[in-house]
Amino acid sequence: MFVYYPQGVCSQMMEIELDGDTIKEVVVTGGCHGNLQAVSKLVQGMKVDEAIARLEGIRCGFKPTSCPDQLAKALKKATGR
């Protein structure tokens, strides 16, 4: 289980469980609960590189980042990319 503390967004913590290069589970604390539950379910079973490619660079309003972008950063850290 990899724990990541996002910056610049409403969510406070992301817990990521990987099975090799596949995302097994993502649990996000804080933030927009419904949206983050959906993102967590959508990336479940997805290859890490695919999730990073899809999520990286997404912005939330005028913020330079978003919870999905922070998840991409967390996945990079978790896998040493």
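See the structure above.
Residues numbered from 1 in each chain as written. Predicted model: local features only at pLDDT ≥ 70, side-chain atom pairs only at ≥ 80, totals over all residues. Heavy atoms only, no water.

**Considering the packing of helix α2 (residues 48-55) against helix α3 (residues 67-79)**
Taken N-terminus to C-terminus, the directions of α2 and α3 make an angle of 145°; their axes are 8 Å apart at the nearest point. Viewed along their axes, α2 and α3 form a crossing whose handedness is left-handed. In this structure, α2 contributes Val48, Ala51, Ile52 and Leu55 to the contact, and α3 contributes Pro68, Asp69, Leu71, Ala72, Leu75, Lys76 and Thr79. Its residues assigned to classes, the contact of α2 with α3 shows eight nonpolar, one polar and two charged. (Axes fitted to C-alpha atoms, helices over the stretch in contact; angles between N-to-C directions. Helix = DSSP H or I, 4+ residues; strand = E, 2+ residues; numbered from the N terminus. Left-handed = near helix turned anticlockwise from the far one by under 90°. Contact = heavy atoms within 4.5 Å. Nonpolar A, V, L, I, M, F, W, Y, C, P; charged D, E, K, R; others polar.)

**Re the sheet that holds strand β2 (residues 11-19)**
The antiparallel open sheet is built from three strands, whose spatial order is β1-β2-β3. Looking at which strands have only one partner, the edges of the open sheet turn out to be β1 (2-4) and β3 (22-30). For this sheet, the mean angle separating the axes of adjacent strands, direction not counted, is 20°. As paired strands, β1 and β2 are joined by three bridges and run antiparallel to one another. (Pairing = 2+ DSSP bridges.)

Just distances and angles here, no functional claims.
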